[in-house]
Amino acid sequence: MKSILFKTTLSLFALLALSSGLAMAQNAISPADAKMSTVMAAESNGDFDYLGKVCQREVNANHVTDKACTVWVNHLKKTKDAAALEKICTNKRKKSMPTHAFNAACREYKRLSGGNWDAKLANCASLPADYEKQMKKHEDTNTFPIHVAAAKSAFKCKNWNYLYGDLLNNRGGGSNLQAWGVRILRKLDKEKIDIFAGLDAYIQANKAPFGSKYGCQAVIHLTKWMIADKKYDKPEKFLKYMKKLTGCGKAQFGNYFHASKCKKANKFMYGLLKSQDPKTKSQACRYLGDLGSKKHLKRMRAISKSDPTFVIKKRVKVYWVRDTCKAAIQNIKNRK
């Protein structure tokens, strides 16, 4: 009987131990949760060194790493710790650091290390290389101030080819007046920099000014700025450049001569009627329609009757260059 009671007691103890073990197992904290607890505690205590170690030493990226890195990088940004941010940004391996935290650290480092562009781009001999270096280094931030500083430096260095033949070509910023080429000219003009003196030096020194791959873009920016800001003081002074410019340059200055109502450009604009470019011929007709005379009608009539350019609208051929010249001819007749 005692033997049976003893065995029963042992069985009960075993069952109790087993159930207790199961309960403990169910309530046990996983290693990841335990690690997260220490990360949360470190955040509360301001132990950012520990968070940095967790962020950089975790073998596998997970929610613990993400939390540690986010808190740590936010702290470095708040305290403007450029040295620590640079160390993160220049670590090409990144280890397990989450991409968003790594990128945030790099953006903040580039922002903190920027500024004082005039001094950083003051060396005339290395200006182009310095410009490219800074633009690449800060590509995730607003690089327009770097562009402006390079243009100012190019002017001081009298590096006209770099300013008018390169920097002015930049197609950043969108179109029209938001284009960097237009905005940079406005910035220089606001600082009382004699843009036209530099332009004269550039054109005089080159056999084919604005003739590079993106040269047309540069002269578009130039003339758009001149028209938008009404740089109409003696517009005929630009006629001396027309023999050197390419077709695009001549066409863009044609827009300027029209906008500035430069009657002294009559002969030049009449010559543009011989252009093979439909837009150029159309622009010349519009100019002559407003500022020309009956002596210009002969060539205009020929275009209005035989220009081959057309577009299809609702299955109908529309000869828009002819139509533009016809309207211009009528304007001259009405005026006389």
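Residues numbered from 1 in each chain as written. Predicted model: local features only at pLDDT ≥ 70, side-chain atom pairs only at ≥ 80, totals over all residues. Heavy atoms only, no water.

**Student:** If you had to explain the packing of helix α3 (residues 48–57) against helix α4 (residues 63–78) to someone new, which residues and values would you point to?
**Tutor:** With their axes 8 Å apart at the nearest point, α3 and α4 run at an angle of 130° to one another. Here α3 is positioned oblique relative to α4, judged by the angle of their axes. The hand of the α3/α4 crossing is left-handed. Residues F48, L51, G52, V54, C55 and Q56 of α3 lie in contact with α4, whose contacting residues are V64, T65, A68, C69, V71, W72 and H75. Here the contact of α3 with α4 is composed, by residue class, of nine nonpolar, four polar and no charged. (Axes fitted to C-alpha atoms, helices over the stretch in contact; angles between N-to-C directions. Helix = DSSP H or I, 4+ residues; strand = E, 2+ residues; numbered from the N terminus. Parallel < 35°, antiparallel > 145°, perpendicular 65-115°, else oblique. Left-handed = near helix turned anticlockwise from the far one by under 90°. Contact = heavy atoms within 4.5 Å. Nonpolar A, V, L, I, M, F, W, Y, C, P; charged D, E, K, R; others polar.)

**Student:** A description of the packing of aromatic side chains should follow, citing residues and the corresponding values.
**Tutor:** In total, this model carries 17 aromatic pairs according to the counting rule given. Each ring, one from F253 and one from Y256, has its centre 6.2 Å from the other, and the planes form 80°; the classification is edge-to-face. Of this pair, F253 and Y256 are both found in helix α14 (residues 247–259), three residues apart, which corresponds to roughly one turn of the helix. Considered together, F253 and Y256 belong to a single accessibility category, that of buried residues. Measuring from centroid to centroid gives 6.2 Å for F253 and F257, while their planes differ by 40°, and the two rings are tilted. Of this pair, F253 and F257 both sit in helix α14, four residues apart, which is roughly one turn of that helix. (Phe/Tyr/Trp six-rings, centres within 6.5 Å; stacked < 30°, edge-to-face > 60°. Buried < 20%, exposed > 50% of the residue type's maximum accessible area, 1.4 Å probe, protein only.)

**Student:** How would you sum up the state of the cysteines? Please name residues and give values.
**Tutor:** A full pass over the atoms with the stated rule returns five disulfides. Across a sulfur-sulfur distance of 2.3 Å, C89 and C106 are joined as a disulfide pair. Judged by the torsion about the S-S bond (115°), the C89/C106 disulfide is right-handed. Residue C89 is located in helix α5 (residues 82–89), and its partner C106 is located in helix α6 (residues 99–112); the two are separated by 17 residues in the primary sequence. The pair formed by C89 and C106 is uniform in burial state, with each residue classed as buried. Put simply, C285 and C325 are joined by a disulfide, and their sulfur atoms are 1.7 Å apart. A torsion of 50° about the S-S bond marks the disulfide between C285 and C325 as right-handed. (Disulfide = S-S within 2.5 Å.)

**Student:** Requested: an account of unusual backbone geometry, with residues and values cited.
**Tutor:** Positioned with a positive phi, K80 is a non-glycine residue whose angle comes to about 55°. Classification of K80 by relative accessible area gives exposed; the value is 56%. For K234, which is not a glycine, the phi torsion comes out positive at approximately 50°. Looking at the element boundaries, K234 is found in the loop between α13 (215–228) and α14.

**Student:** Explain the packing of helix α9 (residues 144–156) against helix α11 (residues 180–190) to me, using residue names and the numbers behind them.
**Tutor:** Direction vectors running N to C along α9 and α11 enclose 60°, while the axes themselves pass 10 Å from each other. In this view, α9 runs oblique relative to α11, as classed from their interaxial angle. When you trace α9 past α11, the crossing you get is right-handed. Contact residues: F144, H147, V148, A151 and K152 in α9; W180, R183, I184, K187 and L188 in α11. When its residues are assigned to classes, the contact of α9 with α11 shows six nonpolar, one polar and three charged.

**Student:** Give me the pattern of salt bridges: which residues, what numbers.
**Tutor:** What the rule picks out here adds up to seven salt bridges. R186 serves as the salt-bridge partner of D229, at 2.7 Å between the closest nitrogen and oxygen. Of this pair, D229 sits in the loop between α13 and α14 while R186 sits in helix α11, placing them 43 residues apart in sequence. A network of salt bridges, in which partner residues are shared, links D118, K152 and E191. (Salt bridge = Lys/Arg side-chain N within 4 Å of Asp/Glu carboxyl O.)

**Student:** Tell me about helix α17 (residues 297–306), and name the residues and values.
**Tutor:** Every buried residue of α17 is accounted for by L297, M300, I303 and S304. Angularly, the buried residues of α17 cover 125° about the axis, an arc narrow enough to put them on a single face. Opposite the buried face of α17, by more than 90 degrees, sit the exposed residues K298 and K305. In this fold, the buried residues of α17 make contact with α16 (278–291) and α18 (320–335). (Arc of directions from axis to C-beta.)

**Student:** Go over the side chain of T280 with me, naming the residues and quoting the values.
**Tutor:** Structurally, T280 is set in helix α16. In this structure T280 touches A251, L272 and S275, once residues within four positions along its chain are discounted.

**Student:** Describe in detail the nonpolar core, supporting the description with residues and values.
**Tutor:** The biggest cluster of nonpolar side chains holds 64 residues, and the ones touching the most others in it are Y164, F210, L222, F253 and F257. Beyond its immediate sequence surroundings of up to four residues, F257 is in contact with P235, F238, L239, M242, C262, A265, F268, M269, Y287 and L291. (Core = buried A, V, L, I, M, F, W, Y, C linked by side-chain atoms within 4.5 Å.)

**Student:** Would you mind going over helix α8 (residues 127–137) in detail, with residue names and values included?
**Tutor:** For α8, the set of buried residues is L127, Y131, Q134 and M135. One side of α8 carries all its buried residues, which in axial view fall inside an arc of 100°. Opposite its buried face, α8 presents the exposed residues A129, K133 and K136, each directed more than 90 degrees away. Against the buried residues of α8 lie α7 (117–120), α9, α10 (160–165) and α11.

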